[in-house]
Amino acid sequence: MAPIVIHADVDAFYAAVEQRDRPELRGRAIAVGGHPERRGVIMTASYEARKFGVRSAMPSRRALELCPQLLILPPRFDSYRAVSRAIMDVFRAHAGIVEPVSLDEAFLDVTDQVDRFQEAVDLAGTLKAEIRDTTALTASLGVATNKLVAKIASDENKPDGLTVVNPGEERTFLAPLPVRRIWGVGPRTEARMRELGIERIGQLADASDNWIVQRLGLWGLQWRNLARGEDNRPVSPPGQVQQISREVTFDRDTGDLSLLRETLQDMARDIAAALERAGPARTVQIKLRYADFHTVTRQMTPGKTVTSGGDIFEHGLALLERGWDRRPLRLFGVGVSNFVGEAPEQLQLF
Ligand code: TTP
Ligand code: MG
């Protein structure tokens, strides 16, 4: 049977926890974020506030212009972490493999828990109900045959959504959506694709190997395959994916590309020395943390194995160019994983 993957993501996570704990805030436009007078940014907003255009990563001052009655609360990370643990426990009780992506988001592989695809859909309903019972929060879920499609599906009917993409319907489901929805396609790639006349995922899916490689290189081919609904990345639990990584937290948040390049060079060299013992790796990943502590990771698995500092630098830089939205960074990290040889000894994890 084809794999069955569920992606789950809590709705308006931080804001929903605040509204849950303070009933007088329910139904109101609220946000969690930094102080407008201290150049704070919005971490997230309740759906009531989103109607006014308030969004994550927006300066709090701007959010108040859009929505003057907006109540901005400071984050309570301990509470969010406690809720996160409860949600992950629900997932682990029902799924064979759970891969947390962030505090409020995880991929679940339920292939071995069900006999038919429809049973996975029923299981997703059970998960939603249990999340509601144990945390009083709503989550949106996507059920599909791989990670990419499950993730896009979970985002389709937020909040409190359950979106199912049946086996064989991946390509039809993706076709009308904008290319931006594909993992790894950022604003610059989106603009480049638009120049080429590609706006919808279906148009990208129709491109031939040669056409796409000539115009967008090997990355283009990866995106084209994803556009066809083909994604064979496994759901993998943390701790299983061993990696060698380095990261630096800057004294002052920085958006200086030459500094980031130099830092990357140093980290790549350091990792390359450790690679001599661990052997070649298949995957390179980077980690970016912004001033508001929002953290993103990006990874790629190039056709050739990664063996040198030069390889790590080159792929790390490509990932940075694609994955970084140019806001100042508090932390920058790079690592390699997915080793070709034996499972190496336990190495430092991100
Ligand atoms: P998301 O799942 O991206 O957002 P959300 O749960 O608030 O809203 P929804 O999923 O319904 O669209 O992020 C989860 C939490 O991560 C969010 O509640 C706050 C935090 N976060 C930041 O701190 N900064 C950011 O830029 C983003 C996007 C999220
Ligand atoms: Mg969420």
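As a starting point, this report considers the structure included with it. Values in this document were obtained by computation on a predicted structure and should not be read as measured data.

### Side note on the coordination of the magnesium ion (ligand 2)
Part 1: Distances from the magnesium ion (ligand 2) to its protein donors, D9 (OD), V10 (O) and D104 (OD), fall within 1.9 to 2.2 Å.
Part 2: One can describe the site at the magnesium ion (ligand 2) as octahedral: its 6 donor atoms subtend angles covering 82 to 175° at the metal.
Part 3: Counting the intervening residues between successive donors of the magnesium ion (ligand 2) yields the motif D-V-x93-D. Separated by 94 residues along the polypeptide, V10 in strand 1 (residues 5–10) and D104 in the loop between strand 5 (97–102) and strand 6 (105–109) bring together distant segments of the chain.

### Structural notes on the packing of aromatic side chains
Part 1: Inspection of the entire model under this criterion finds 5 aromatic pairs.
Part 2: Summarising the aromatic geometry, the rings of F13 and Y14 are spaced 5.6 Å apart at their centres and angled 55° between planes, so their arrangement reads as tilted.
Part 3: Between the aromatic rings of Y14 and Y80, the centroid separation amounts to 4.2 Å while the plane-to-plane angle is 10°, which identifies the pairing as stacked. Within this pair, whereas Y14 is found in helix 1 (residues 13–21), its partner Y80 is found in helix 4 (residues 77–94), the two being separated by 66 residues in sequence. In terms of burial, Y14 and Y80 fall into one category: buried.
Part 4: An aromatic cluster of at least three residues, connected via ring pairs, comprises F13, Y14, F77 and Y80.

### Structural notes on the sheet that holds strand 10 (residues 281–290)
Part 1: Taken together, 4 strands build an open sheet; the order of strands is 9-12-10-11 and the sheet is antiparallel. Edge positions in the open sheet fall to strand 9 (243–254) and strand 11 (295–300), since each of these has one partner strand only. Neighbour-to-neighbour, the strand axes of this sheet turn through a mean angle of 15°, independent of strand direction.
Part 2: Of the pairings in the sheet, the one linking strand 10 to strand 11 comprises 6 bridges and is antiparallel in character. Considered in strand 11, the bridge of I286 is made with R298.
Part 3: Contacts from helix 11 (residues 257–278) reach strand 9, strand 10 and strand 12 (329–339), with the element oriented near 160° to strand 9.
Part 4: Each of strand 10, strand 11 and strand 12 is contacted by helix 12 (residues 309–323), which is oriented at about 45° to strand 10, the strand it contacts most.

### Points about the sheet that holds strand 3 (residues 42–45)
Part 1: Ordered in space as 3-2-4, the 3 strands form an open sheet in which the pairing is mixed. Each end of this open sheet is capped by a strand with a single partner; those strands are strand 3 and strand 4 (71–73). On average, each strand axis in the sheet is inclined to that of its neighbour by 30°, with strand direction left out of account.
Part 2: Bridge count between strand 2 (residues 30–33) and strand 3: 3 bridges; the pairing is antiparallel. Looking at the pairing, A31 lines up with A45 of strand 3.
Part 3: Against the sheet, helix 1 makes contact with strand 2, strand 3 and strand 4, and its axis sits at roughly 120° relative to strand 2, the strand it touches most.

### A look at the nonpolar core
Part 1: With 57 residues, the main nonpolar core has L204, L288, F332 and V336 as its most contacted residues.
Part 2: With 8 residues, the single largest contributor to this core is helix 11.
Part 3: Apart from the residues within four sequence positions on either side, L204 is in contact with V179, I182, M193, I198, I212, W223, R224 and A227.

### Let's talk about the site of ligand 1
Part 1: Neighbouring ligand 1 are 15 residues, the closest being A12, F13, T44, Y47 and R50.
Part 2: Between ligand 1 and the protein, one listed contact pairs an oxygen atom with a backbone N or O atom of A12 at 2.8 Å.
Part 3: Against a free-state accessible area of 560 Å², the protein chains account for coverage of 82% of ligand 1.
Part 4: Grouping the constituent residues of the shell around ligand 1 by class yields 6 nonpolar, 3 polar and 6 charged.

### A look at the pairing of strand 10
Part 1: Summarising burial for strand 10: 8 of the 10 residues are buried, a large majority.
Part 2: Relative to strand 12, strand 10 runs antiparallel, the two sharing 9 bridges. Each residue of the ladder has a partner; that of Q285, found in strand 12, is G335.

Conventions and cut-offs
Residues numbered from 1 in each chain as written. Chains lettered and ligands numbered in written order. Predicted model: local features only at pLDDT ≥ 70, side-chain atom pairs only at ≥ 80, totals over all residues. Heavy atoms only, no water. Donors = N, O, S within 2.8 Å, 3.2 Å for Na, K, Ca; no water. Tetrahedral: all angles 85-135°; square planar, octahedral: opposite > 155°, others 65-115°. Helix = DSSP H or I, 4+ residues; strand = E, 2+ residues; numbered from the N terminus. Phe/Tyr/Trp six-rings, centres within 6.5 Å; stacked < 30°, edge-to-face > 60°. Buried < 20%, exposed > 50% of the residue type's maximum accessible area, 1.4 Å probe, protein only. Pairing = 2+ DSSP bridges. Axes fitted to C-alpha atoms, helices over the stretch in contact; angles between N-to-C directions. Contact = heavy atoms within 4.5 Å. Core = buried A, V, L, I, M, F, W, Y, C linked by side-chain atoms within 4.5 Å. Near = heavy atom within 4 Å. Polar contact = N/O pair within 3.5 Å; in protein donor to acceptor, adjacent residues only side chain to side chain. Areas by Shrake-Rupley, 256 points an atom, 1.4 Å probe, with all protein chains shown as cover. Nonpolar A, V, L, I, M, F, W, Y, C, P; charged D, E, K, R; others polar.

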